[in-house]
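For reference, the chains in residue letters:
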Amino acid sequence: MTDYPLQGDVNPDVNPYLISPPPEIPALPSPLRLGVLASGSGSNFAAIAQAIADDTLNAQIQVLIYNNPDAKVAVRAEKWQIPTVLLNHRRFPHREALDREIVQTLETYEVDWVVMAGWMRVVTPILLAAFPNQVLNIHPSLLPSFKGVRAVEQALAAGVKITGCTVHRVVPEVDSGAILMQAAVPILPGDTVASLQARIQVQEHRIFPPAIALAATMP
Ligand code: GAR
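Residues numbered from 1 in each chain as written. Predicted model: local features only at pLDDT ≥ 70, side-chain atom pairs only at ≥ 80, totals over all residues. Heavy atoms only, no water.

**Student:** Any chance you could break down the overall build of the chain for me, citing the residues and the numbers?
**Tutor:** Within the chain, the regular secondary structure consists of six helices and eight strands. For the chain, the sequential pattern of α-helices and β-strands runs β-β-α-β-α-β-α-β-α-β-α-β-β-α. For 219 residues, the compact-globule estimate of 2.2 N^0.38 gives 17 Å, and the C-alpha radius of gyration of the chain, at 17 Å, lies within 12% of that figure. Relative to its full complement of 219 residues, the chain shows a buried share of 46%. Long-range pairs, those at least 24 residues apart, make up 66% of the contacts in the chain between residues at least 6 apart in sequence. Carbon and sulfur atoms make up 55% of the accessible area of the chain, which amounts to about 11200 Å² in all. In the chain, which carries 15 positive and 19 negative side-chain charges, the distance between the mean positions of the two groups comes to 7 Å. (Helix = DSSP H or I, 4+ residues; strand = E, 2+ residues; numbered from the N terminus. Rg over C-alpha atoms; globule rule 2.2 N^0.38 Å. Buried < 20%, exposed > 50% of the residue type's maximum accessible area, 1.4 Å probe, protein only. Contact = heavy atoms within 4.5 Å. Areas by Shrake-Rupley, 256 points an atom, 1.4 Å probe, with all protein chains shown as cover. Lys, Arg positive; Asp, Glu negative; His and termini not counted. Charge placed at Lys NZ, Arg CZ, Asp CG, Glu CD.)

**Student:** How would you sum up the domain arrangement of the chain? Please name residues and give values.
**Tutor:** Taken domain by domain, the chain comprises domain 1 (31-132) and domain 2 (138-203). With centres defined by C-alpha atoms, the gap from domain 1 to domain 2 works out at 21 Å. On the side of domain 2, seven residues touch domain 1, which itself brings nine residues to the contact. Between domain 1 and domain 2, a total of about 600 Å² is buried, with carbon and sulfur atoms accounting for 63% of that surface. Taken together, the links from domain 1 to domain 2 amount to zero salt bridges. The tally of links from domain 1 across to domain 2 stands at two residue pairs in polar contact (both at pLDDT 80 or more). Taken together, the elements giving at least two residues each to the side of domain 1 that touches domain 2 come down to helix H1 (43-53) and strand S5 (113-116). The residue makeup of the side of domain 1 that touches domain 2, split by class, is six nonpolar, three polar and no charged. (Domains from an automatic or database assignment. Buried area = accessible area lost by both parts, 1.4 Å probe. Salt bridge = Lys/Arg side-chain N within 4 Å of Asp/Glu carboxyl O. Polar contact = N/O pair within 3.5 Å; in protein donor to acceptor, adjacent residues only side chain to side chain. Nonpolar A, V, L, I, M, F, W, Y, C, P; charged D, E, K, R; others polar.)

**Student:** With reference to specific residues and values, describe the pattern of salt bridges.
**Tutor:** Taken as a whole and assessed by the stated rule, the structure comprises two salt bridges. A salt bridge links Arg33 to Glu110, with the nearest nitrogen and oxygen atoms 3.1 Å apart. You can see Arg33 sitting in strand S2 (residues 32-38) and its partner Glu110 sitting in the loop between helix H3 (95-108) and S5, a full 77 residues away along the chain. The exposure class assigned to Arg33 is partly exposed, which follows from its relative accessible area of 28%.

**Student:** Please set out the site of the ligand residue by residue, giving values where relevant.
**Tutor:** Near the ligand, the surroundings consist of Gly40, Ser41, Gly42, Ser43, Asn44, Gly118, Met120, Ile138, His139, Pro140, Gln201 and Glu204. Within the contact set of the ligand, an oxygen atom lies 2.9 Å away from a side-chain nitrogen or oxygen of Asn44. A distance of 2.9 Å separates an oxygen atom of the ligand from a polar atom in the side chain of Gln201. When the ligand is considered free in solution it has 450 Å² of accessible area, and contact with the protein chains removes 88% of it. A majority-of-atoms criterion places the ligand in the largest pocket. (Near = heavy atom within 4 Å. 1 Å grid on protein atoms, 1.4 Å probe; cavity = no way out; pocket = protein on both sides within 12 Å on 5 of 7 lines; lining within 4 Å. Sits in = over half its atoms within 2 Å of the grid points.)

Below, the structure written as structure tokens:
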């Protein structure tokens, strides 16, 4: 018998991880028109597409913008028959030029909400001004801990026992905008970057779709 009774959905048989707020997907009056930015494998992109297909997230992915020609996310998008646009950052003189092209593409595809799903570029006020308060990001740590690159490595190196993932609004300072939803992930003895990252990603896929809907229902 514990002196500190547990509250909420933390029964390890039901939910070994703690998610806050609980990931119910709020009802939305009309479908969100999403533009997804991604750089890598696209498992979060797929989780969002799946939530839409399952009718748990009332949204439509208008376009995927990716920056690495070999990114697997493009293959996933084609499978979902979602339009893809490659904007290779190496072909732009500076971040602002890339962001201008991103904004133009998002406007062409009539996007309302910008979702950074493993987008490994720092965005500029050009993108943020075009979509005020409507740019979201997922980060593999419990922000404000371990901002920036290699967040999973940072958590392992720091020796913390619990890390996780965060969905937040994007502001010019990296990984610093208002937090929408977080999931905690314990670090287990013997964890490697790969094993921990894999467990964090399972939680990312759980929180990203409801956090997008949550953002759309908040001022
Ligand atoms: C995700 O784990 C996401 O949190 C991370 O990139 C991964 C992309 O995976 N994002 C960042 O580190 C942003 N700073 P995915 O391509 O399989 O969705």
